[in-house]
Amino acid sequence: MKYYRLEKSVDTKVIGRHTIQLDFVDKKSQDSCRSLVGNAFPDFKIDMRFYLEKGSKLTDVVRSCVHVPGFMINERVKIIFEQCKLPEHRYYEATVTDHKGVVHPYYCLHIMPNDYSMIDFDKTIFKKTTEPMKIWPELAFPNMEEIKNAPEIRIKSLEEKEKYNEEFSHKLYVVLDVLRIHDSEKYDMLFFPDVDVTIIYISEKLANMLKSEKITGIGLYPCDDIENLE
């Protein structure tokens, strides 16, 4: 199975002049959204009413200031996602008011990590480098040449990866170069934040569906460094 990296677009011709397209209708809503955490679903109702920033364009996937792993999507994208196998996830209802005052229904997709046991650490390749793989996925791009030429480091488990992170701090980085997984469950979306920061991978099937429907507000990048193991 071939995978793609799925990212939110930063093309100003597509999303407009703002990196973040949406802002909160009620500033108090920021507090409830800040209470969201990446590794747990909330037990409270979140006020997700947004307006489209002046100079921004409304896309199928929009960039918002809600910092949970996932995407702010409209019904078109939700229908596509519902036809695919995602990791554990939840949708929160949201609204976006455009420049003409029209209110559009949206959803905040909040995803949890896939099971790390899918990763074959013995065959997965990490690199020890001074270049971080990602800081902010859509805004900072790594020097891939440096990463490719960096020395390999063998890591046997997630716990060992975390140990290296603590040891190197911000002087050196351990970054993923080749990911090898067991895909018996055939997920269409992969998310391993403790190994690969905030990068979200999707299957070729899901990528083709997004392309076919001409979904706006995204970038799709082929990933040749993911291998499936039987």
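On a predicted model such as this, the values are computed, not experimentally measured, just so you know. Along each chain, the written sequence defines residue order, and numbers are assigned to residues from 1. Where local features are concerned, this predicted model is filtered to residues with pLDDT of at least 70; where side-chain atom pairs are given and counted, the filter is 80 or more; whole-chain, interface and lining totals use all residues. The side-chain figures draw on all heavy atoms in the structure; neither hydrogens nor water molecules are used.

Asks: I would appreciate a short explanation of the packing of aromatic side chains in the present structure.
Replies: Both the distance between ring centres and the angle between the ring planes are used here to describe each pair of aromatic rings. Only Phe, Tyr and Trp rings take part, Trp by its six-membered ring, and two of them pair if their centres are within 6.5 Å. Stacked means planes under 30 degrees apart, edge-to-face means over 60, and tilted covers everything else. In this structure the tally under the stated criterion is four aromatic pairs. With centroids separated by 5.7 Å and ring planes inclined at 55°, the aromatic side chains of Y116 and F192 adopt a geometry described as tilted. Remark: F192 occurs in the loop between strand 11 (189-191) and helix 6 (193-196) and Y116 occurs in the loop between strand 7 (103-111) and strand 8 (125-129); sequence separation between them is 76 residues. Under the relative-accessibility criterion, F192 is labelled buried at 2%. Each ring, one from F121 and one from F126, has its centre 6.4 Å from the other, and the planes form 10°; the classification is stacked. Secondary structure elements are taken from DSSP: a helix is a run of H or I of four residues or more, a strand is a run of E of two residues or more, and numbering for both begins at the N terminus. Relative accessible area decides the class of each residue, using a 1.4 Å probe on protein chains only: under 20% of the type maximum gives buried, over 50% gives exposed, and in between gives partly exposed.

Asks: Explain the environment of H104 to me, please; I cannot follow it from the model alone.
Replies: Structurally, H104 can be placed in strand 7. Taking the C-alpha atoms as reference points, H104 and Q30, 74 residues apart in sequence, are found 20 Å from one another. Residues count as neighbours in contact if any of their non-hydrogen atoms are within 4.5 Å of one another. Discounting residues that sit within four places of it in the chain, H104 has contacts with L58, A94, T95, V96 and D98. Two N or O atoms form a polar contact when they lie within 3.5 Å of each other; inside protein one atom must be a possible hydrogen donor and the other a possible acceptor, and for residues adjacent in sequence the pair counts only when both atoms belong to side chains. Separated by 2.8 Å, the side chains of H104 and D98 make a polar contact.

Asks: I tried to follow helix 5 (residues 158-168) on my own but got confused; where do I start?
Replies: The periodicity of an α-helix, 3.6 residues per turn, causes residues three or four positions apart to be oriented the same way. Among all positions of helix 5, only L158, K161, Y164 and F168 are buried. Down the axis of helix 5, the buried side of the element spans an arc of 115°, and every buried residue falls inside it. In this structure, helix 5 carries E159, E166 and E167 as exposed residues pointing more than 90 degrees from its buried face. Residues of helix 5 that are buried in the fold lie against strand 8, strand 9 (152-153), strand 10 (173-182) and helix 6. Here the arc refers to the directions that run from the helix axis out to each C-beta atom.

Asks: What should I look at first to understand the sheet that holds strand 2 (residues 22-24) in this one?
Replies: Hydrogen bonding along the main chain pairs the strands of a sheet, whether they run parallel or antiparallel. Any two strands with at least two DSSP bridges between them are considered paired. Reading across the sheet, the six strands line up as 2-3-6-7-5-4 and stay open at both edges, with mixed pairing between neighbours. Each having just a single partner strand, strand 2 and strand 4 (61-62) make up the two edges of the open sheet.

Asks: Would you mind showing me how to read the pattern of salt bridges here?
Replies: Proximity of charged atoms lets side chains of opposite charge pair with each other. One speaks of a salt bridge when a side-chain nitrogen belonging to Lys or Arg is within 4 Å of a carboxyl oxygen belonging to Asp or Glu. Going through the model one piece at a time under the given rule, you end up with 12 salt bridges. Between K78 and E82 there is a salt bridge whose closest N-O contact spans 2.6 Å. You can call K78 buried: its relative accessible area is 12%. Between E227 and R180 there is a salt bridge; the shortest N-O distance is 3.0 Å. Here E227 is found in strand 14 (residues 226-229), whereas its partner R180 is found in strand 10, with 47 residues between them in sequence. We classify E227 as partly exposed; its relative accessible area is 34%. On the basis of relative accessible area, R180 is assigned to the buried category, the value being 17%. A single salt-bridge network, built from bridges that share partners, covers D26, D47 and R49.

Asks: Is there a simple way to explain the pairing of strand 10 in this structure?
Replies: Working note: regular strand, side chains alternate between the two faces of the sheet. Across the 10 residues that make up strand 10, a large majority, eight, are buried. Looking at chain direction, strand 8 and strand 10 are connected through five bridges and run antiparallel. Among the inter-strand pairings, K128 is bridged to a residue of strand 10, identified as V174. Of the strand pairs in this sheet, strand 10 and strand 14 are connected by four bridges, and their pairing is parallel. Each bridged residue has a counterpart across the sheet, and for L179 the counterpart in strand 14 is I226.

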